[in-house]
Amino acid sequence: MEIVTSITDFQNFLNQKRTSGEKIGFIPTMGALHDGHTSLIDASVKQQKTTAVSIFVNPLQFSPDEDFETYPNNLEEDVDICRKHAVDILFFPTQEEIFPEGLPEPEEIGGIGKIFEGKSRPFHFQGVATVVSRLFEIVGETCAYFGEKDFQQVVVVNDLVKRHRFPVKVIQCPTIRDDDGLALSSRNVYLSKDQRSDASVLYRALLEGANLISNGEKDSENITKFISGLVKDESEGDLDYVGIVDFETFTPLDCLNTSGKQVQILIACQFGNARLIDNIGVVIP
Ligand code: PAF
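Quick caveat: nothing in here was measured; it's all calculated off a predicted structure.

Caption draft 1: Inspection of helix H2 (residues 35–47) at higher detail. Relative to the 18 Å expected for 13 residues at 1.5 Å per residue, H2 spans 18 Å between its end C-alpha atoms, a close match to the ideal helical length. Those residues of H2 not exposed but buried are Gly-36, His-37, Thr-38, Ser-39, Leu-40, Ile-41, Ala-43 and Ser-44. Summarising the contacts, the buried residues of H2 are in contact with strand S2 (24–29), strand S3 (50–55), helix H3 (75–84), strand S5 (142–147) and strand S6 (168–173).

Pasting the structure below:
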């Protein structure tokens, strides 16, 4: 596996592969790799001839009170993981390499980046969109792999690709979970033992909510209230939001009356220092 820090070396490698007709799979990450990331890598390795991973902790997507300075960082382990999973090239740039002229003006995003996660973390998705645009400019034509755990991020990235006409196909991969259902996240390391055990309520609550929909409940408020109640009764977590959106348009839905339509239930909750998000898809019967 090649490890490069300069854009030129990265692009030379990718262009050489493209000249020999190889398609590139790309997984942008902030490091602290776990099985969620490796599932994206494995999907790319299976589907594409060449797999590139980037590790860049993007300052623009953290607000001042968030964990940019302390974000988990295990470069050596990440390199081992990438090697074991047959990554061809690891791009590990500095901030100066990515933003040589200093931090740029944030990318404009539409309304979808301003609700739910975007409302609770103002500027987060603008920061994500800014760095993802930069990375897509660098990588060029590619299939880019993103995890469904960050469902709203995938929606924002898809919108970005459409608006900028990036030659990028976004491939959305399923959330990877621990045995008790907790979605894997680099931030799970912040959880104490009790918080870790509490946090499994999120997936249980989502499953219960999905069951209500499958059993014919049409009123979103009844479902979100039920989920919120369950999280509050069964954990010390500080619930931020529960919402139901259209899977395709990300429009929040009050009434679930279109049979056959897939909706996504979204949840965010703080456990100690860890802000966790999760979601589940369900088709209206
Ligand atoms: O999902 C992440 O790890 C980050 O938001 C991403 C896409 C690498 C952008 O910094």
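Caption draft 2: Up close: the sheet that holds strand S8 (residues 262–271). The strand order across the open sheet built from three strands is S7-S8-S9, with neighbouring strands paired in antiparallel fashion. Strand pairing shows two members of the sheet lacking a second neighbour, strand S7 (238–246) and strand S9 (274–283), which therefore form its edges. In this sheet, neighbouring strand axes are inclined to one another by 15° on average, regardless of whether the strands run parallel or antiparallel. Here S8 pairs with S9 via 10 bridges, running antiparallel. Residue pairing for S9: Cys-269 is matched across the bridge by Leu-276. Where helix H10 (residues 220–234) meets the sheet, its contacts fall on S7 and S8, and the angle it forms with S7 comes to roughly 150°.

Caption draft 3: View of the pairing of S8. Summarising burial for S8: eight of the 10 residues are buried, a large majority. Bridge count between S7 and S8: eight bridges; the pairing is antiparallel. Within the sheet, the bridge partner assigned to Tyr-241 lies in S8 and is Ala-268.

Caption draft 4: Seen up close, the packing of helix H1 (residues 7–19) against helix H6 (residues 124–139). Packing of H1 against H6 brings their axes to within 9 Å, and their N-to-C directions diverge by 50°. By the angle between their axes, H1 is oblique relative to H6. Contact with H1, carried on its side by Ile-7, Phe-10, Gln-11, Leu-14 and Arg-18, involves Arg-134, Glu-137, Ile-138 and Val-139 of H6 and no other residues of that element. Class assignment of the residues belonging to the contact of H1 with H6 gives a composition of five nonpolar, one polar and three charged.

Conventions adopted
- Here the residue index of a chain counts from 1 through its sequence in written order.
- Where totals are concerned, whole chains, interfaces and linings use all residues; where local detail is concerned, this predicted model gives features only for residues with pLDDT of at least 70, and gives and counts side-chain atom pairs only at 80 or more.
- Values reported for side chains reflect all heavy atoms of the structure, with hydrogen atoms and water molecules removed beforehand.
- Secondary structure counts use DSSP, requiring at least four H or I residues in a row for a helix and at least two E residues in a row for a strand, with both numbered from the N terminus.
- Given a helix with a known number of residues, its expected span is that number minus one, times 1.5 Å.
- Only protein chains enter the accessibility calculation, which uses a 1.4 Å probe. A residue is then buried if its area is under 20% of the maximum for its type, exposed if over 50%, and partly exposed in between.
- Note on contacts: a residue pair qualifies if any of its non-hydrogen atoms lie within 4.5 Å across the two residues.
- Note on pairing: DSSP must find at least two bridges between two strands before they are called paired.
- With axes taken as lines fitted to C-alpha atoms, and helix axes fitted only over the stretch in contact, angles between N-to-C directions fall between 0 and 180 degrees.
- Orientation labels follow simple angle bins: below 35 degrees gives roughly parallel, above 145 gives roughly antiparallel, 65 to 115 gives roughly perpendicular, and whatever is left gives oblique.
- When residues are grouped by polarity, Ala, Val, Leu, Ile, Met, Phe, Trp, Tyr, Cys and Pro land in nonpolar, Asp, Glu, Lys and Arg in charged, and all others, Gly among them, in polar.

Keep in mind that these numbers describe shape and distance, not what the molecule does.
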